[in-house]
Amino acid sequence: MSDMTYTKDMFQKVKRESYHADEIKRPTIKYWADVWRRLKMNKLAMTGLFILIIMGIMSIIGPHLSGFDYKEQDYSQVNIRPNSTYWFGTDELGRDLFSRAWLGTRYSLLIGIAAALIDFGIGVIYGGIAGISSRKVDAIMMRIAEVIYSIPYMLVVVLISVVFSTAGSGTSMFVLIFAMTITGWVPMANLVRGQVLQLREFEYSMASESLGASKGWILRKHIIPNSFGPILVNVTLTIPRAIFSEATLSFMGLGLQLPKPSLGTLANDGLAVMPIGLFYQILIPSILISLIMFSFNVLGDGLRDALDPRLRK
Amino acid sequence: MAKYILKRFALGIVTIWAVITITFILMHSVPGNPFATESRKIPPNIMENLMKKYGLDKPKSEQYIMYLKNIAKFDFGESMKSDSETVNQIIARGFPVSARLGLQSILIALIFGPALGAIAALYQNKIPDYVAMIISIIGVSVPSFVLGSFLIQFVATKVEWIPIGGWGEFRHTLLPSFALAVMPLARFSRLMRSSMLEILGQDYIKTAKSKGISKFAVIMKHAVRNAILPIISILGTTVSDLVVGSFVIEKIFGIPGLGQFFTTSVFNRDYTLIMGVTVFYALVLISAMLLVDIAYMLIDPRIRLTKEGH
């Protein structure tokens with residue numbers, strides 16, 4: 001024991017307000033702010049996001065930067081390699097590839113995002129309804145979805161493009177998106193249904209239900225906001241899939257209507273002149289499309305990690 | 001279990017029927033008749049004969065039933081554009097080529113993909129992990145048509161032994177099989193890595209280790225065997241992706257496979273060939289998915305139990 005003596009004047013009364021030991025001193029971080037904070041720590045995902053922002057901006061302003069129109073043909077300037085006038089060179093019709101490449105990026109991004117958003121819309125509605133319906137209705141709805149999903153995706157896309165396009169002139173963007181979403185919504189519906197089945201068993205949903213809330217209310221107020229994370233990841237990963245399908249289709253010659261370029265049609269044009277040593281014409285759209293795919297993939301992966309509560313520190 | 005297989009089988013039949021019906025409706029909703037797109041004018045009496053030959057003069061419902069009956073006999077009819085060949089003959093000529101390409105690719109992917117993923121998981125956050133993940137992220141991001149044309153530019157034109165295109169000998173198959181294999185390989189390795197990481201943290205791995213089994217045996221017998229299950233579950237959709245990939249790869253390397261015939265039939269508006277090849281592809285893919293499902297169930301007893309519990 002120490003020989004220190006405690007005297008009364010060493011103590012003082014604690015003021016009432018400093019009693020609050022359970023007071024939260026640090027500012028609370030909202031859920032999405034926390035997700036963003038963790039996403040920011042993922043360098044690969046941030047690189048992806050950065051590339052996507054740059055490409056998004058370039059897809060808007062890029063076609064106007066070089067001063068050449070994307071469909072203007074100049075037969076005196078055919079197959080010119082990239083130089084200071086034609087930054088990405090010209091194709092075999094003398095069109096400026098810089099304008100065409102960024103316009104192609106624009107269409108590829110638009111198609112990817114539109115297809116993913118439509119898949120998202122249909123998937124959420126269908127999956128949500130299946131999830132809150134009775135077992136029987138749910139089983140029937142999921143069987144139908146299963147049949148639709150086992151129809152090979154590309155065959156449907158090809159068939160639809162055949163039916164709705166006139167020979168030789170390609171497909172309109174609208175038809176292309178429509179064809180891709182016919183079977184594309186099913187994984188999203190499955191995901192939403194799974195989330196709904198899981199979340200509606202949680203206490204807060206049951207509490208809400210016992211207070212007399214309708215199914216629609218529970219779906220809107222509790223289930224959809226809480227399943228938003230996995231859905232967002234799914235959307236982010238659907239976009240590159242749609243872009244890839246469009247590029248593949250265009251590469252097969254079934255893509256966008258001429259003379260509109262997409263990255264796939266540009267690569268297809270490039271393949272035709274590759275044997276005569278003009279490799280740059282396939283190289284440029286190839287790099288752009290690979291960059292888009294890469295960025296969406298790493299961003300999606302990063303989002304998944306950032307949203308995973310098991311990885312939270 | 002038999003009940004489950006039967007159920008899957010029935011679902012497969014319904015799906016094939018749906019594909020046939022959708023294909024039929026779509027192909028018959030194309031405006032105009034299939035012969036009208038040709039540049040030369042066809043005299044009315046010849047046109048009538050043509051319509052009769054392909055059964056197009058009969059009512060739609062009758063045509064539909066005829067078509068269903070013929071498919072049940074595996075008869076896809078005659079090609080509209082090539083006079084000498086039936087659709088069956090074209091499939092018989094093109095499918096073995098495509099099947100060989102596809103099988104070789106999936107073999108490459110199945111050998112190297114899981115191995116890469118397993119190595120990545122065993123060396124988590126070390127250099128082998130980073131290398132494996134860089135390879136797989138590139139594999140997922142680079143479309144097969146880009147990879148194919150790069151291989152031609154940088155390998156086939158440089159190495160004399162490897163041809164730029166064509167088909168026949170084994171050396172013709174090397175580059176296209178590799179180009180087609182990269183995407184599934186990358187996907188397998190990513191999946192393998194995450195499932196392997198999950199399993200390495202399981203208690204039974206600790207138990208196995210504490211029993212004093214060699215590290216190699218723990219990894220091979222306990223970790224890899226369990227971690228590979230998710231890969232088997234996505235094999236079915238992978239086959240379907242390979243078919244799409246083969247359209248492109250066959251075009252780039254000039255391979256006379258079914259994908260080529262399909263693409264040309266689409267350009268030529270050869271409706272019987274489009275319908276025939278579509279239905280044939282659907283048959284192949286849906287059977288593949290069915291087989292994978294059954295195989296999965298036989299391999300993983302946990303699935304068998306839950307399915308029976310229903």
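Residues numbered from 1 in each chain as written. Chains lettered and ligands numbered in written order. Predicted model: local features only at pLDDT ≥ 70, side-chain atom pairs only at ≥ 80, totals over all residues.

S.K.: Looking at this structure, I do not really get the overall build of chain B. What am I missing?
M.R.: Of the regular secondary structure elements, chain B holds 13 helices and 0 strands. In sequence order, the secondary structure elements of chain B are arranged as α-α-α-α-α-α-α-α-α-α-α-α-α. A separation threshold of at least 6 residues defines the contact pool for chain B, and within that pool the share at least 24 residues apart is 73%. (Helix = DSSP H or I, 4+ residues; strand = E, 2+ residues; numbered from the N terminus. Contact = placed C-beta atoms within 7 Å.)

S.K.: Can you help me understand the overall build of chain A in this one?
M.R.: Within chain A, the secondary structure is distributed over 12 helices and 0 strands. Along chain A, from the amino end to the carboxyl end, the secondary structure elements read α-α-α-α-α-α-α-α-α-α-α-α. The burial tally for chain A puts 42% of its 313 residues in the buried class. Sequence-distant contacts, at least 24 apart, represent 68% of the contacts inside chain A between residues at least 6 apart. (Buried ≥ 20, exposed ≤ 12 C-beta atoms within 10 Å, placed from the backbone.)

S.K.: What is the right way to look at the interface of chain B and chain A in this model?
M.R.: Interfaces are frequently sized by the accessible area removed from exposure as the parts join. Facing the 37 residues of chain B at the interface are 32 residues of chain A. Elements represented by at least two residues in the side of chain B that touches chain A include exactly helix H1 (2–28), helix H5 (127–141), helix H6 (144–156), helix H10 (229–253), helix H11 (258–268) and helix H12 (271–299) of chain B. A class-by-class count of the residues in the side of chain B that touches chain A yields 25 nonpolar, 10 polar and 2 charged. (Nonpolar A, V, L, I, M, F, W, Y, C, P; charged D, E, K, R; others polar.)

S.K.: Even after reading the chapter, I still don't get the packing of helix H4 (residues 87–122) of chain B against H10 of chain B, so can you show me in this structure?
M.R.: Packed helix pairs are characterised by how far apart their axes lie and by the angle those axes make with each other. All names here are of chain B. Running from N to C, H4 and H10 point in directions that differ by 135 degrees, and their axes come no closer than 10 Å. For the element pair H4 / H10, the angle class is oblique. In the crossing of H4 with H10, the sense of the turn from one axis to the other is right-handed. Along its contact with H4, which presents Ser98, Leu101, Gly102, Ser105, Ile106 and Pro114, the element H10 presents Ile231, Leu242 and Ser246. Of the residues in the contact of H4 with H10, the class split is 5 nonpolar, 4 polar and no charged. (Axes fitted to C-alpha atoms, helices over the stretch in contact; angles between N-to-C directions. Parallel < 35°, antiparallel > 145°, perpendicular 65-115°, else oblique. Left-handed = near helix turned anticlockwise from the far one by under 90°.)

S.K.: Quick question: what am I supposed to make of the confidence of the model for chain B here?
M.R.: A low pLDDT means the predicted coordinates there should not be read in detail. When pLDDT is averaged across chain B, the result is 80; 90% of the residues are at 70 or more. When the elements of chain B are averaged for pLDDT, helix H13 (residues 301–309) of chain B gives the smallest value, 57, and H4 of chain B the largest, 87. (pLDDT = per-residue confidence, 0-100.)

S.K.: Help me out: how do you make sense of the environment of Val284 of chain B in this one?
M.R.: Within the secondary structure, Val284 of chain B is located in helix H12. The spacing of Val284 of chain B and Val239 of chain B is 45 residues in sequence and 9.4 Å in space, taken between C-alpha atoms.

S.K.: Explain unusual backbone geometry to me, please; I cannot follow it from the model alone.
M.R.: Most peptide bonds take the trans configuration, and most residues that are not glycine carry a negative phi. Residues and elements named next belong to chain B. With a phi angle near 60 degrees, Asn125 is a residue other than glycine that sits in the positive phi range. Looking at where Asn125 falls in the secondary structure, it is placed in the loop between H4 and H5. On the basis of neighbour count, Asn125 is assigned to the exposed category, with 7 C-beta atoms found within 10 Å.

S.K.: Looking at this structure, I do not really get the packing of helix H1 (residues 31–41) of chain A against helix H12 (residues 280–307) of chain A. What am I missing?
M.R.: Residue and element names in this part refer to chain A. In contact at an axis separation of 9 Å, H1 and H12 are set at 130 degrees when each is read in the N-to-C sense. As judged from the angle between their axes, H1 and H12 are oblique. Crossing hand, H1 versus H12: right-handed. Each of Val35, Arg38 and Leu39 in H1 lies in contact with H12, whose residues at this interface are Gly302, Leu303, Ala306 and Leu307. A per-class count over the contact of H1 with H12 returns 5 nonpolar, 1 polar and 1 charged.

S.K.: Any chance you could explain the confidence of the model for chain A here in plain terms?
M.R.: Mean pLDDT over chain A works out to 79, with 88% of the residues at or above the 70 mark. The secondary-structure element of chain A with the lowest mean pLDDT is helix H5 (residues 153–164) of chain A, recorded at 76, while helix H3 (residues 97–132) of chain A shows the highest, at 86.

S.K.: Any chance you could explain helix H10 (residues 228–251) of chain A here in plain terms?
M.R.: Note that an α-helix has 3.6 residues per turn; residues three or four places apart therefore point the same way. All names here are of chain A. Over its 24 residues, H10 runs 35 Å from end to end, which matches the ideal 34 Å to within 8%, given 1.5 Å per residue. Counting buried positions along H10 gives 17 out of 24 residues, so the element sits mostly inside the fold. Two residues or fewer past H10, Gly253 is found with a positive phi of approximately 90 degrees. (Expected span 1.5 Å × (residues − 1).)

S.K.: Quick question: what am I supposed to make of the nonpolar core here?
M.R.: Taken as a class, soluble globular proteins show a tendency for nonpolar side chains to be buried jointly. Judged by nonpolar contacts, the single largest core of 140 residues is most densely connected at Val157 of chain A together with Val277 and Ala282 of chain B. For this core, the element with the highest residue contribution is H12 of chain A, accounting for 14 residues. Each of domain 1 (2–72) and domain 2 (89–309) of chain B gives at least three residues to this core. Those residues in contact with Val277 of chain B that lie beyond four places of it in its chain are Ile91, Leu258, Phe261, Phe262 and Ser265 of chain B. (Core = buried A, V, L, I, M, F, W, Y, C linked by C-beta atoms within 7 Å. Domains from an automatic or database assignment.)

S.K.: Mind showing me how you'd approach helix H2 (residues 44–53) of chain B here?
M.R.: Across the 10 residues that make up H2 of chain B, only a small minority, 0, are buried. In the stretch just after H2 of chain B, Gly55 of chain B is the one whose phi turns positive, near 70 degrees.

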